[in-house]
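Understanding the architecture of this molecule
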Amino acid sequence: MEEAVREIIRVASLLAQVLAQQARDLADIRRAGDASFRAWTSRLVNAVASSLGTMAGRLVGSLLRALD
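Description of the structure in this document. Here the structure is a predicted model, which is why all the values come from computation and not from measurement.

1. Let's talk about the overall build of the chain
When helices and strands are counted, the chain shows 1 helix and 0 strands. Here the chain has a C-alpha radius of gyration of 29 Å; the compact-globule value for 68 residues is 11 Å, and the former is much larger. Summarising its shape, the C-alpha atoms of the chain cover approximately 100 × 5 × 5 Å along the three principal directions. Burial analysis of the chain (68 residues in total) assigns 1% to the buried set. Taken together, the 9 basic and 7 acidic charged side chains of the chain have centroids lying 12 Å from each other.

What counts and what doesn't
- Residues numbered from 1 in each chain as written.
- Predicted model: local features only at pLDDT ≥ 70, side-chain atom pairs only at ≥ 80, totals over all residues.
- Heavy atoms only, no water.
- Helix = DSSP H or I, 4+ residues; strand = E, 2+ residues; numbered from the N terminus.
- Rg over C-alpha atoms; globule rule 2.2 N^0.38 Å.
- Buried < 20%, exposed > 50% of the residue type's maximum accessible area, 1.4 Å probe, protein only.
- Lys, Arg positive; Asp, Glu negative; His and termini not counted.
- Charge placed at Lys NZ, Arg CZ, Asp CG, Glu CD.

Okay, structure coming up:
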């Protein structure tokens, strides 16, 4: 009986270790996903800002040429 209880405790301990590792792995995956999303968002915002800047520059240039 004592040996069976020891074995149950050992298996429960191993299971706890596996579950803790899975939780760490999932947290790592979530952090990587968040970082990837932030990088994508940053690239998108930079591209939009660049396009808006280019369009504004062309508009101002066209207006100045029209006024000459």
